Amino acid sequence: MAIAIALLVVCLPIITLCYIGRCLVSPWGTCVQCRPGGTNRTCRACNGTGMRPRIGWQLYTYARRLRDGTR
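Below you will find a few notes about this structure.

Cut-offs applied
Residues numbered from 1 in each chain as written. Predicted model: local features only at pLDDT ≥ 70, side-chain atom pairs only at ≥ 80, totals over all residues. Heavy atoms only, no water. Helix = DSSP H or I, 4+ residues; strand = E, 2+ residues; numbered from the N terminus. Buried < 20%, exposed > 50% of the residue type's maximum accessible area, 1.4 Å probe, protein only. Contact = heavy atoms within 4.5 Å. Areas by Shrake-Rupley, 256 points an atom, 1.4 Å probe, with all protein chains shown as cover. Lys, Arg positive; Asp, Glu negative; His and termini not counted. Salt bridge = Lys/Arg side-chain N within 4 Å of Asp/Glu carboxyl O. Polar contact = N/O pair within 3.5 Å; in protein donor to acceptor, adjacent residues only side chain to side chain. Axes fitted to C-alpha atoms, helices over the stretch in contact; angles between N-to-C directions. Parallel < 35°, antiparallel > 145°, perpendicular 65-115°, else oblique. Nonpolar A, V, L, I, M, F, W, Y, C, P; charged D, E, K, R; others polar. Phe/Tyr/Trp six-rings, centres within 6.5 Å; stacked < 30°, edge-to-face > 60°. Patch = residues over 30% accessible without salt bridge, like charges linked within 9 Å, V, L, I, M, F, W, Y side chains within 5 Å.

Across its full length, the protein holds 2 helices and 2 strands. Mapped in sequence order, the helices and strands of the protein form the string α-β-β-α. Within the protein, the fraction of its 71 residues that count as buried is 17%. The long-range share in the protein, meaning contacts at least 24 apart out of those at least 6 apart in sequence, stands at 38%. Here the protein has roughly 5900 Å² of accessible surface; of this, 65% comes from carbon and sulfur atoms.

Here is the structure:
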């Protein structure tokens, strides 16, 4: 059990930092609903573009707006 906790303590920050880096480098990901081709012009999730902001980027934007007081 101690080995599992130690691995979790070591791996979780690394995974988190990698995801933050990915969100900063490429904040847009493929739309889950349009994934096969990205050509669904009636998709409400991405407005037909095939690209959506990543969850991490959405959370960052939300937190930034809360801090700035614009929301």
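Let us now look at the side chain of arginine 54. Note that arginine 54 resides in the loop between β2 (51–53) and α2 (55–68). We note that arginine 54 is buried and unpaired, the nearest opposite charge coming from aspartate 68 at a distance of 21 Å. Every residue in contact with arginine 54, bar those within four places of it in the chain, is listed here: Tyr19, Arg22, Cys23, Ser26, Pro27, Trp28 and Gly29.

Take the side chain of threonine 61 next. Take threonine 61: it is sitting in helix α2. Here the side chain of threonine 61 touches tryptophan 57 through a polar contact of 2.9 Å, landing on its backbone oxygen.

On to the packing of helix α1 (residues 2–25) against α2. Two elements in contact, α1 and α2, have axes separated by 9 Å at closest approach and are oriented at 80 degrees. Considering the angle they form, α1 stands roughly perpendicular to α2. Here α1 contributes Tyr19, Cys23 and Leu24 to the contact with α2, which in turn contributes Ile55, Gly56 and Trp57. Broken down by class, the residue content of the contact of α1 with α2 amounts to 5 nonpolar, 1 polar and no charged.

As enumerated under the stated definition, the model contains 1 aromatic pair in all. Measuring from ring centre to ring centre gives 5.3 Å for tryptophan 57 and tyrosine 60, while their planes differ by 40 degrees; the resulting arrangement is tilted. Taken together, the residues span about one helical turn, with tryptophan 57 and tyrosine 60 both in helix α2 at a distance of 3 residues.

What follows covers a nonpolar patch on the surface. Nonpolar side chains collect at one region of the surface, where Met1, Ile5 and Val9 lie side by side and expose about 370 Å² of accessible area between them. One can find isoleucine 5 in helix α1.

Any functional reading would require information that these geometric values do not contain.
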